[in-house]
Amino acid sequence: MSLPTRTAGAGRRVRAALFRAFAAALLVLPLAACDLLGEKPLGPAAAAGPAAAPSAGATATGTGTATAAPTKTATPDAALPYDVRPLLKPANKYLGVAVDGAPASMAGVDEFAGRIGKRPNIVEYYSGWGDEYDVQGVTNAWQGGALPFIAWEPYKTPLADIAAGKHDDYVKRYAAAVRNTNVPVAISFAHEFNGTWYDWGTKNATAAEFVAAYQHLHDVFTQLGVGQVIWVWSPNSINPVPAVALKPYYPGDTYVDWVGIVAYYTHLEAGTFDTLYTPTLNQIRTFTNKPWIIAETGSEPGTRKVSDIYNLAANVIKRPDCLGFIWFNLNKEVDWRIEDDPKSQNAFKQAVSDGRYSFDVKSP
(Lines give C-alpha, C1' and ligand atoms only; values in the text may rest on other atoms or scores of the structure.)
Protein backbone atom coordinates (compact mmCIF):
# COMPACT_ATOMS: atom_id res chain seq x y z
CA MET A 1 0.00 0.00 0.00
CA SER A 2 1.82 2.93 -1.01
CA LEU A 3 2.74 5.90 -2.97
CA PRO A 4 5.49 6.17 -5.50
CA THR A 5 8.50 5.39 -3.29
CA ARG A 6 6.72 2.66 -1.49
CA THR A 7 4.07 1.58 -3.91
CA ALA A 8 5.72 -1.55 -5.12
CA GLY A 9 5.80 -2.78 -1.55
CA ALA A 10 2.32 -2.01 -0.51
CA GLY A 11 0.72 -3.39 -3.58
CA ARG A 12 2.44 -6.70 -3.15
CA ARG A 13 1.56 -6.72 0.48
CA VAL A 14 -2.09 -6.48 -0.08
CA ARG A 15 -1.88 -8.80 -3.00
CA ALA A 16 -0.71 -11.32 -0.47
CA ALA A 17 -3.69 -10.53 1.66
CA LEU A 18 -6.06 -11.32 -1.14
CA PHE A 19 -4.49 -14.51 -2.22
CA ARG A 20 -4.38 -15.88 1.27
CA ALA A 21 -6.14 -13.83 3.25
CA PHE A 22 5.54 -1.35 9.17
CA ALA A 23 24.82 14.61 20.57
CA ALA A 24 27.70 13.01 18.82
CA ALA A 25 29.04 16.46 19.38
CA LEU A 26 27.00 16.91 22.54
CA LEU A 27 27.28 14.89 25.72
CA VAL A 28 23.90 13.44 26.32
CA LEU A 29 22.41 10.39 27.92
CA PRO A 30 21.57 7.70 25.40
CA LEU A 31 17.86 7.80 24.86
CA ALA A 32 16.45 4.76 23.22
CA ALA A 33 13.87 5.03 20.66
CA CYS A 34 13.96 1.34 20.76
CA ASP A 35 8.35 -2.18 20.19
CA LEU A 36 -0.32 -9.69 4.19
CA LEU A 37 -0.13 -11.91 3.26
CA GLY A 38 1.45 -14.04 0.40
CA GLU A 39 1.31 -13.21 -3.29
CA LYS A 40 -1.38 -10.55 -3.37
CA PRO A 41 -3.72 -10.19 -6.32
CA LEU A 42 -5.40 -7.06 -5.01
CA GLY A 43 -4.19 -4.19 -2.97
CA PRO A 44 -2.40 -0.91 -3.06
CA ALA A 45 -0.28 -0.51 -6.14
CA ALA A 46 3.45 -0.59 -5.89
CA ALA A 47 5.81 2.22 -6.68
CA ALA A 48 8.59 2.54 -8.09
CA GLY A 49 27.40 -8.70 14.70
CA PRO A 50 26.89 -5.40 15.79
CA ALA A 51 27.97 -3.29 18.66
CA ALA A 52 25.82 -3.46 21.73
CA ALA A 53 22.89 -1.08 21.73
CA PRO A 54 21.21 0.61 24.65
CA SER A 55 18.11 -0.95 26.08
CA ALA A 56 14.68 0.09 24.89
CA GLY A 57 13.90 3.57 25.96
CA ALA A 58 17.52 4.58 25.73
CA THR A 59 19.31 5.73 22.45
CA ALA A 60 21.64 8.72 22.05
CA THR A 61 22.13 11.88 20.02
CA GLY A 62 24.80 13.09 17.66
CA THR A 63 25.69 14.07 14.15
CA GLY A 64 26.63 12.12 11.08
CA THR A 65 27.74 13.07 7.62
CA ALA A 66 26.29 16.50 7.12
CA THR A 67 25.59 16.16 3.40
CA ALA A 68 21.81 16.12 3.61
CA ALA A 69 21.31 17.05 7.23
CA PRO A 70 19.43 20.27 7.88
CA THR A 71 21.21 23.05 9.71
CA LYS A 72 18.24 23.85 11.90
CA THR A 73 15.92 21.78 14.02
CA ALA A 74 12.19 21.62 13.48
CA THR A 75 11.72 22.12 17.21
CA PRO A 76 14.40 24.69 17.99
CA ASP A 77 13.38 25.10 21.61
CA ALA A 78 13.65 21.38 22.35
CA ALA A 79 16.74 19.83 23.85
CA LEU A 80 18.66 17.32 21.78
CA PRO A 81 17.64 14.60 21.39
CA TYR A 82 13.87 14.78 21.62
CA ASP A 83 12.75 12.52 24.46
CA VAL A 84 10.57 9.88 22.82
CA ARG A 85 9.98 7.86 25.96
CA PRO A 86 6.52 9.32 26.70
CA LEU A 87 5.45 8.22 23.20
CA LEU A 88 6.46 4.59 23.63
CA LYS A 89 3.42 3.46 25.60
CA PRO A 90 0.90 6.26 26.05
CA ALA A 91 -2.34 5.84 27.95
CA ASN A 92 -4.55 6.42 24.91
CA LYS A 93 -4.50 4.83 21.47
CA TYR A 94 -2.72 5.98 18.36
CA LEU A 95 -5.01 6.70 15.44
CA GLY A 96 -2.88 6.65 12.30
CA VAL A 97 -3.37 7.07 8.59
CA ALA A 98 -1.52 6.84 5.31
CA VAL A 99 -2.98 9.16 2.68
CA ASP A 100 -1.96 10.22 -0.78
CA GLY A 101 0.68 12.97 -0.77
CA ALA A 102 1.30 13.07 2.98
CA PRO A 103 3.32 14.25 4.74
CA ALA A 104 4.86 16.31 1.91
CA SER A 105 1.41 17.88 1.87
CA MET A 106 -0.91 17.55 4.83
CA ALA A 107 -4.03 18.39 2.80
CA GLY A 108 -5.09 14.74 2.67
CA VAL A 109 -4.66 14.37 6.40
CA ASP A 110 -6.76 17.49 6.95
CA GLU A 111 -9.50 16.05 4.77
CA PHE A 112 -9.36 12.71 6.58
CA ALA A 113 -9.61 14.48 9.93
CA GLY A 114 -12.66 16.36 8.73
CA ARG A 115 -14.30 13.12 7.68
CA ILE A 116 -13.77 11.30 10.99
CA GLY A 117 -14.19 14.22 13.40
CA LYS A 118 -10.73 13.98 14.98
CA ARG A 119 -7.14 14.39 13.92
CA PRO A 120 -4.91 11.36 13.30
CA ASN A 121 -1.79 11.43 15.46
CA ILE A 122 0.35 9.17 13.27
CA VAL A 123 1.06 9.75 9.57
CA GLU A 124 2.72 6.86 7.77
CA TYR A 125 4.74 7.22 4.59
CA TYR A 126 7.21 5.14 2.62
CA SER A 127 10.90 5.82 2.03
CA GLY A 128 12.78 3.84 -0.59
CA TRP A 129 16.36 2.82 0.05
CA GLY A 130 18.51 5.67 -1.22
CA ASP A 131 15.83 8.30 -0.59
CA GLU A 132 17.02 11.11 1.64
CA TYR A 133 15.26 11.79 4.92
CA ASP A 134 12.18 13.93 4.23
CA VAL A 135 12.94 16.77 6.62
CA GLN A 136 10.05 18.92 5.42
CA GLY A 137 7.60 16.03 5.46
CA VAL A 138 8.34 14.89 8.99
CA THR A 139 8.27 18.50 10.13
CA ASN A 140 4.87 18.96 8.48
CA ALA A 141 3.53 15.86 10.21
CA TRP A 142 4.86 16.80 13.64
CA GLN A 143 3.66 20.38 13.41
CA GLY A 144 0.30 18.97 12.30
CA GLY A 145 0.02 16.93 15.50
CA ALA A 146 1.19 13.55 14.20
CA LEU A 147 4.12 11.26 14.82
CA PRO A 148 5.81 10.53 11.46
CA PHE A 149 5.98 6.77 10.81
CA ILE A 150 8.40 5.72 8.08
CA ALA A 151 8.37 2.37 6.33
CA TRP A 152 12.00 2.23 5.13
CA GLU A 153 12.15 -0.13 2.17
CA PRO A 154 15.48 -1.57 0.98
CA TYR A 155 14.55 -2.27 -2.63
CA LYS A 156 17.28 -3.72 -4.88
CA THR A 157 19.65 -3.79 -1.93
CA PRO A 158 20.86 -7.06 -0.40
CA LEU A 159 20.38 -7.04 3.35
CA ALA A 160 23.81 -8.63 3.69
CA ASP A 161 25.35 -5.52 2.10
CA ILE A 162 23.57 -3.26 4.59
CA ALA A 163 24.75 -5.45 7.47
CA ALA A 164 28.32 -5.33 6.13
CA GLY A 165 28.33 -1.52 6.17
CA LYS A 166 28.46 -1.07 2.39
CA HIS A 167 25.80 1.63 2.59
CA ASP A 168 27.04 3.37 5.71
CA ASP A 169 27.65 6.73 4.02
CA TYR A 170 23.96 6.86 3.12
CA VAL A 171 22.83 5.52 6.50
CA LYS A 172 24.93 8.08 8.36
CA ARG A 173 23.60 10.90 6.21
CA TYR A 174 20.02 9.76 6.87
CA ALA A 175 20.72 9.41 10.59
CA ALA A 176 22.30 12.86 10.76
CA ALA A 177 19.20 14.38 9.18
CA VAL A 178 16.98 12.62 11.72
CA ARG A 179 19.15 13.89 14.56
CA ASN A 180 19.38 17.48 13.34
CA THR A 181 15.68 17.78 12.55
CA ASN A 182 15.02 16.68 16.14
CA VAL A 183 11.47 15.49 15.52
CA PRO A 184 10.46 12.11 16.98
CA VAL A 185 9.92 9.52 14.28
CA ALA A 186 9.00 5.84 14.13
CA ILE A 187 11.06 3.80 11.66
CA SER A 188 9.97 0.39 10.43
CA PHE A 189 12.82 -1.16 8.43
CA ALA A 190 12.13 -3.89 5.85
CA HIS A 191 8.54 -4.53 6.92
CA GLU A 192 6.85 -7.84 6.08
CA PHE A 193 10.22 -9.55 5.95
CA ASN A 194 8.54 -12.91 6.61
CA GLY A 195 6.74 -12.84 3.27
CA THR A 196 7.88 -13.61 -0.26
CA TRP A 197 6.61 -10.48 -2.03
CA TYR A 198 9.41 -8.01 -1.24
CA ASP A 199 13.03 -7.81 -2.37
CA TRP A 200 14.09 -8.33 1.25
CA GLY A 201 11.67 -11.19 1.91
CA THR A 202 12.26 -14.87 2.40
CA LYS A 203 13.08 -15.54 -1.27
CA ASN A 204 16.12 -13.27 -1.15
CA ALA A 205 17.30 -13.00 2.46
CA THR A 206 17.74 -15.23 5.48
CA ALA A 207 16.54 -14.45 8.97
CA ALA A 208 20.17 -13.96 10.04
CA GLU A 209 20.73 -11.42 7.25
CA PHE A 210 17.60 -9.50 8.21
CA VAL A 211 18.60 -9.38 11.88
CA ALA A 212 22.16 -8.31 11.06
CA ALA A 213 20.95 -5.51 8.76
CA TYR A 214 18.37 -4.25 11.28
CA GLN A 215 20.86 -4.31 14.14
CA HIS A 216 23.52 -2.60 12.04
CA LEU A 217 21.18 0.28 11.18
CA HIS A 218 20.24 0.67 14.83
CA ASP A 219 23.89 0.58 15.88
CA VAL A 220 24.90 3.25 13.37
CA PHE A 221 22.11 5.54 14.60
CA THR A 222 23.13 4.90 18.21
CA GLN A 223 26.83 5.48 17.55
CA LEU A 224 25.96 8.80 15.92
CA GLY A 225 23.81 9.75 18.88
CA VAL A 226 20.39 9.66 17.18
CA GLY A 227 17.83 9.34 19.94
CA GLN A 228 14.69 10.56 18.20
CA VAL A 229 13.72 7.18 16.74
CA ILE A 230 11.09 4.68 17.83
CA TRP A 231 12.30 1.43 16.26
CA VAL A 232 9.52 -0.75 14.87
CA TRP A 233 9.85 -4.44 13.95
CA SER A 234 7.04 -5.19 11.51
CA PRO A 235 6.22 -8.74 10.44
CA ASN A 236 3.31 -9.54 8.20
CA SER A 237 0.49 -11.59 9.67
CA ILE A 238 1.60 -15.22 9.70
CA ASN A 239 -1.65 -16.32 8.02
CA PRO A 240 -0.25 -16.56 4.45
CA VAL A 241 3.17 -17.80 5.58
CA PRO A 242 2.52 -20.10 8.55
CA ALA A 243 5.73 -22.07 8.01
CA VAL A 244 7.96 -19.02 8.59
CA ALA A 245 8.81 -18.78 12.30
CA LEU A 246 9.14 -15.21 13.55
CA LYS A 247 11.57 -15.71 16.43
CA PRO A 248 14.67 -16.13 14.21
CA TYR A 249 13.86 -12.73 12.69
CA TYR A 250 13.67 -10.90 16.02
CA PRO A 251 16.61 -8.49 16.57
CA GLY A 252 16.16 -8.50 20.36
CA ASP A 253 14.47 -6.24 22.89
CA THR A 254 17.41 -3.82 22.99
CA TYR A 255 16.79 -3.10 19.31
CA VAL A 256 13.00 -2.92 19.24
CA ASP A 257 10.56 -0.45 20.77
CA TRP A 258 7.37 -1.53 19.03
CA VAL A 259 6.12 -4.60 17.24
CA GLY A 260 4.16 -3.56 14.15
CA ILE A 261 1.84 -6.21 12.70
CA VAL A 262 0.58 -5.77 9.13
CA ALA A 263 -2.73 -7.41 8.16
CA TYR A 264 -5.76 -6.45 6.08
CA TYR A 265 -9.41 -7.39 6.14
CA THR A 266 -10.13 -9.09 2.82
CA HIS A 267 -12.61 -11.57 1.34
CA LEU A 268 -10.00 -14.31 1.75
CA GLU A 269 -9.75 -13.84 5.51
CA ALA A 270 -12.31 -14.82 8.11
CA GLY A 271 -12.74 -11.14 8.80
CA THR A 272 -12.18 -10.85 12.52
CA PHE A 273 -9.52 -9.24 14.64
CA ASP A 274 -8.77 -12.57 16.30
CA THR A 275 -8.13 -14.39 13.03
CA LEU A 276 -6.06 -11.56 11.56
CA TYR A 277 -3.85 -10.63 14.49
CA THR A 278 -4.10 -13.05 17.41
CA PRO A 279 -2.21 -16.03 15.91
CA THR A 280 0.70 -13.75 15.00
CA LEU A 281 0.66 -12.03 18.37
CA ASN A 282 0.54 -15.34 20.22
CA GLN A 283 3.71 -16.43 18.48
CA ILE A 284 5.40 -13.10 19.16
CA ARG A 285 4.51 -13.26 22.84
CA THR A 286 6.69 -16.36 23.21
CA PHE A 287 9.79 -14.19 22.83
CA THR A 288 8.92 -10.55 23.56
CA ASN A 289 6.40 -8.47 25.49
CA LYS A 290 7.04 -5.26 23.59
CA PRO A 291 3.91 -3.18 22.94
CA TRP A 292 2.44 -3.64 19.49
CA ILE A 293 0.72 -1.48 16.92
CA ILE A 294 -1.20 -2.41 13.79
CA ALA A 295 1.30 -0.90 11.39
CA GLU A 296 -0.93 -1.10 8.37
CA THR A 297 -4.50 -2.22 7.80
CA GLY A 298 -7.62 -1.62 5.77
CA SER A 299 -10.77 -3.33 4.52
CA GLU A 300 -11.56 -3.96 0.88
CA PRO A 301 -14.84 -2.67 -0.52
CA GLY A 302 -17.88 -4.82 0.04
CA THR A 303 -20.69 -5.64 2.41
CA ARG A 304 -18.26 -6.46 5.23
CA LYS A 305 -16.37 -3.18 5.29
CA VAL A 306 -18.58 -1.52 7.88
CA SER A 307 -18.42 -4.49 10.23
CA ASP A 308 -14.67 -4.81 9.66
CA ILE A 309 -14.16 -1.21 10.77
CA TYR A 310 -16.16 -1.71 13.95
CA ASN A 311 -14.38 -5.00 14.64
CA LEU A 312 -10.96 -3.39 14.29
CA ALA A 313 -11.62 -0.30 16.40
CA ALA A 314 -13.41 -2.14 19.21
CA ASN A 315 -10.74 -4.80 19.60
CA VAL A 316 -7.86 -2.33 19.63
CA ILE A 317 -9.56 -0.64 22.57
CA LYS A 318 -9.93 -3.98 24.36
CA ARG A 319 -6.22 -4.85 24.10
CA PRO A 320 -4.15 -2.97 26.71
CA ASP A 321 -0.92 -3.92 24.93
CA CYS A 322 -2.13 -2.67 21.52
CA LEU A 323 -1.02 0.91 20.90
CA GLY A 324 -3.49 1.61 18.10
CA PHE A 325 -3.70 1.22 14.34
CA ILE A 326 -2.72 2.88 11.07
CA TRP A 327 -5.35 2.85 8.33
CA PHE A 328 -4.20 2.67 4.70
CA ASN A 329 -6.57 5.23 3.22
CA LEU A 330 -5.62 4.95 -0.42
CA ASN A 331 -7.25 3.74 -3.62
CA LYS A 332 -4.62 1.32 -4.89
CA GLU A 333 -5.89 -1.67 -6.86
CA VAL A 334 -8.83 -1.77 -4.49
CA ASP A 335 -10.33 1.19 -2.68
CA TRP A 336 -9.25 0.98 0.96
CA ARG A 337 -10.45 4.52 1.67
CA ILE A 338 -13.20 5.09 4.20
CA GLU A 339 -14.82 7.56 1.83
CA ASP A 340 -15.39 4.86 -0.80
CA ASP A 341 -18.98 4.82 0.47
CA PRO A 342 -20.92 6.89 3.04
CA LYS A 343 -21.62 3.91 5.28
CA SER A 344 -17.91 3.13 5.67
CA GLN A 345 -17.08 6.72 6.47
CA ASN A 346 -19.86 6.98 9.04
CA ALA A 347 -18.82 3.69 10.60
CA PHE A 348 -15.20 4.80 10.91
CA LYS A 349 -16.21 8.13 12.42
CA GLN A 350 -18.39 6.42 15.00
CA ALA A 351 -15.88 3.63 15.70
CA VAL A 352 -13.05 6.05 16.59
CA SER A 353 -15.26 8.53 18.44
CA ASP A 354 -14.23 6.78 21.66
CA GLY A 355 -12.21 9.30 23.67
CA ARG A 356 -9.40 6.80 24.02
CA TYR A 357 -8.57 7.22 20.34
CA SER A 358 -5.97 9.87 19.53
CA PHE A 359 -4.12 12.20 21.88
CA ASP A 360 -1.70 15.10 21.75
CA VAL A 361 1.63 13.56 20.75
CA LYS A 362 3.44 16.62 22.07
CA SER A 363 1.98 16.06 25.50
CA PRO A 364 1.12 12.35 25.79
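Residues numbered from 1 in each chain as written. Predicted model: local features only at pLDDT ≥ 70, side-chain atom pairs only at ≥ 80, totals over all residues. Heavy atoms only, no water.

Caption draft 1: Representation of the overall build of the protein chain within the structure. Looking only at helices and strands, the protein chain features 10 helices and 10 strands. The buried share of the protein chain, reckoned over its 364 residues, is 63%. Carbon and sulfur atoms provide 53% of the accessible area of the protein chain, an area that totals close to 12500 Å². (Helix = DSSP H or I, 4+ residues; strand = E, 2+ residues; numbered from the N terminus. Buried < 20%, exposed > 50% of the residue type's maximum accessible area, 1.4 Å probe, protein only. Areas by Shrake-Rupley, 256 points an atom, 1.4 Å probe, with all protein chains shown as cover.)

Caption draft 2: Spotlight on the pattern of salt bridges. Taken as a whole and assessed by the stated rule, the structure comprises 11 salt bridges. For Lys166, the salt bridge goes to Asp161, with nearest N and O atoms at 3.4 Å. Judged by relative accessible area, which is 60%, Lys166 ranks as exposed. Of the charged contacts in the structure, one is a salt bridge between Lys305 and Asp340, with a shortest N-O distance of 3.3 Å. Residue Lys305 is found in helix H9 (residues 305-318), and its partner Asp340 is found in the loop between strand S10 (334-335) and helix H10 (342-351); the two are separated by 35 residues along the sequence. Look at Lys305 and you get buried, because its relative accessible area is 0%. Via salt bridges that share partners, Arg285, Arg319 and Asp321 belong to a single interconnected network. (Salt bridge = Lys/Arg side-chain N within 4 Å of Asp/Glu carboxyl O.)

Caption draft 3: Region of the structure containing the side chain of Asn140. With respect to the secondary-structure elements, Asn140 resides in helix H4 (residues 135-143). Overall, Asn140 belongs to the buried group, its relative accessible area being 18%. There is a polar contact of 2.8 Å between the side chain of Asn140 and the side chain of Gln136. Those residues in contact with Asn140 that lie beyond four places of it in its chain are Pro103, Ala104 and Met106. (Polar contact = N/O pair within 3.5 Å; in protein donor to acceptor, adjacent residues only side chain to side chain. Contact = heavy atoms within 4.5 Å.)

Caption draft 4: Structural view of helix H7 (residues 207-223). The terminal C-alpha atoms of H7, which comprises 17 residues, lie 24 Å apart, in line with the 24 Å expected from a rise of 1.5 Å per residue. Across the 17 residues of H7, 14 count as buried, placing the element largely inside the fold. Positive backbone phi, approximately 75 degrees, marks Gly225, located one or two places after H7. (Expected span 1.5 Å × (residues − 1).)

Caption draft 5: Molecular detail of the environment of Val334. Tracing the backbone shows Val334 in strand S10. Separated by 33 residues in the primary sequence, Val334 and Pro301 have C-alpha atoms spaced 7.3 Å apart.

Caption draft 6: Representation of the nonpolar core in the model. Phe189, Phe210, Phe221, Trp233, Tyr277, Phe325 and Phe348 are the most contacted members of the largest nonpolar core, which has 82 residues in total. For this core, the leading source of residues is H7, giving 8 residues. Counting residues in hydrophobic clusters, the runner-up holds 29 residues, among them Tyr82, Leu147, Val183 and Leu323. (Core = buried A, V, L, I, M, F, W, Y, C linked by side-chain atoms within 4.5 Å.)

Caption draft 7: Structural detail: the pairing of strand S4 (residues 185-189). Most of S4 sits inside the fold, with 5 of its 5 residues counted as buried. Residues Val185, Ile187 and Phe189 of S4 are buried on one face, and the alternating residues Ala186 and Ser188, pointing to the opposite face, are buried as well. Here strand S3 (residues 147-153) runs beside S4; their pairing, made up of 4 bridges, is parallel. Across the sheet, residue Ala151 finds its bridge partner in S4, namely Ser188. Direction of pairing for S4 relative to strand S5 (residues 229-233): parallel, over a ladder of 4 bridges. (Pairing = 2+ DSSP bridges.)

Caption draft 8: Examining unusual backbone geometry more closely. Cis geometry is adopted by the peptide bond preceding Pro103, which originates at Ala102 and carries an omega value of 5 degrees. Position of Pro103 relative to the elements: it lies in the loop between strand S1 (94-98) and helix H3 (107-116). In this structure, Ala190 is a non-glycine residue whose phi angle is positive, near 55 degrees. If you trace the backbone, Ala190 turns up in the loop between S4 and H7. Within the chain, Glu192 stands out as a residue other than glycine whose phi angle is a positive 60 degrees. With respect to the element layout, Glu192 can be found in the loop between S4 and H7.

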